[in-house]
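Results of the structural survey
Read off the chains here:
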Amino acid sequence: MSPLLLLFMADPNAAQGGGTGSFLATWGMLIPLFLIMYFLLIRPQRKRQKEHEKLLTELKKGDKIVTNSGFFGTIFAINDEKNIIVLKISEEVKVEILKSSIAAKVD
């Protein structure tokens, strides 16, 4: 068991729902919980988001990419004003996609 949980369970005021011990024990458990949530969920997501934004800004004509829907293709043209990329899937097939729908760059 967690030491904080044992501290909360051992507090006689916690069962009654009153007193400063209950208050301190509650915050003593909530603060580490929020820190764990931040470091396990929020921080890694922000890092991935920044890496994806960097990938989108570094794209250029001729790069091979994969979209979120699974299409593989080569960038034929980029329109930064409209945030659109023309993706060449085969010799005669070109489609317009949103820049944000690019999942990754393929080597």
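Shown above is the structure to which this text applies.
Residues numbered from 1 in each chain as written. Predicted model: local features only at pLDDT ≥ 70, side-chain atom pairs only at ≥ 80, totals over all residues. Heavy atoms only, no water.

Below, the discussion takes up the overall build of the chain. When its secondary structure is counted, the chain shows 3 helices and 5 strands. The N-to-C order of helical and strand elements in the chain reads α-α-α-β-β-β-β-β. Counting over 107 residues, the chain shows a buried share of 18%. Long-range contacts, defined here as pairs at least 24 residues apart, represent 33% of the contacts in the chain between residues at least 6 apart. A total accessible area of about 8200 Å² is found for the chain, and carbon and sulfur atoms account for 62% of it. (Helix = DSSP H or I, 4+ residues; strand = E, 2+ residues; numbered from the N terminus. Buried < 20%, exposed > 50% of the residue type's maximum accessible area, 1.4 Å probe, protein only. Contact = heavy atoms within 4.5 Å. Areas by Shrake-Rupley, 256 points an atom, 1.4 Å probe, with all protein chains shown as cover.)

Time to look at the sheet that holds strand β2 (residues 72-79). Spatially, the 5 strands line up as an open sheet ordered β4-β3-β2-β1-β5, and their pairing is antiparallel. In this open sheet, the two edge strands, each paired with only one partner strand, are β4 (94-98) and β5 (102-105). Taken pair by pair, the neighbouring strands of this sheet meet at an average axis angle of 45°, ignoring direction. Summarising the sheet, strand β1 (residues 64-67) and β2 pair through 3 bridges and their orientation is antiparallel. Bridge pairing links Ile 65 to Gly 73 in β2. (Pairing = 2+ DSSP bridges. Axes fitted to C-alpha atoms, helices over the stretch in contact; angles between N-to-C directions.)

To continue, consider the pattern of salt bridges. Using the criterion set out here, one finds 4 salt bridges in the structure. Between Lys 88 and Glu 91 there is a salt bridge; the shortest N-O distance is 3.8 Å. Judged by relative accessible area, Lys 88 falls into the partly exposed class, the value being 26%. Overlapping salt bridges, with partners in common, bring together Lys 60, Asp 63 and Lys 105 in one network. (Salt bridge = Lys/Arg side-chain N within 4 Å of Asp/Glu carboxyl O.)

On to the pairing of β4. Note: strand β3 (residues 84-88) against β4, 5 bridges, orientation antiparallel. Opposite Ile 84, over in β4, you have Leu 98 as the bridge partner. Linking β3 to β4, which pair antiparallel, is a turn of 5 residues.

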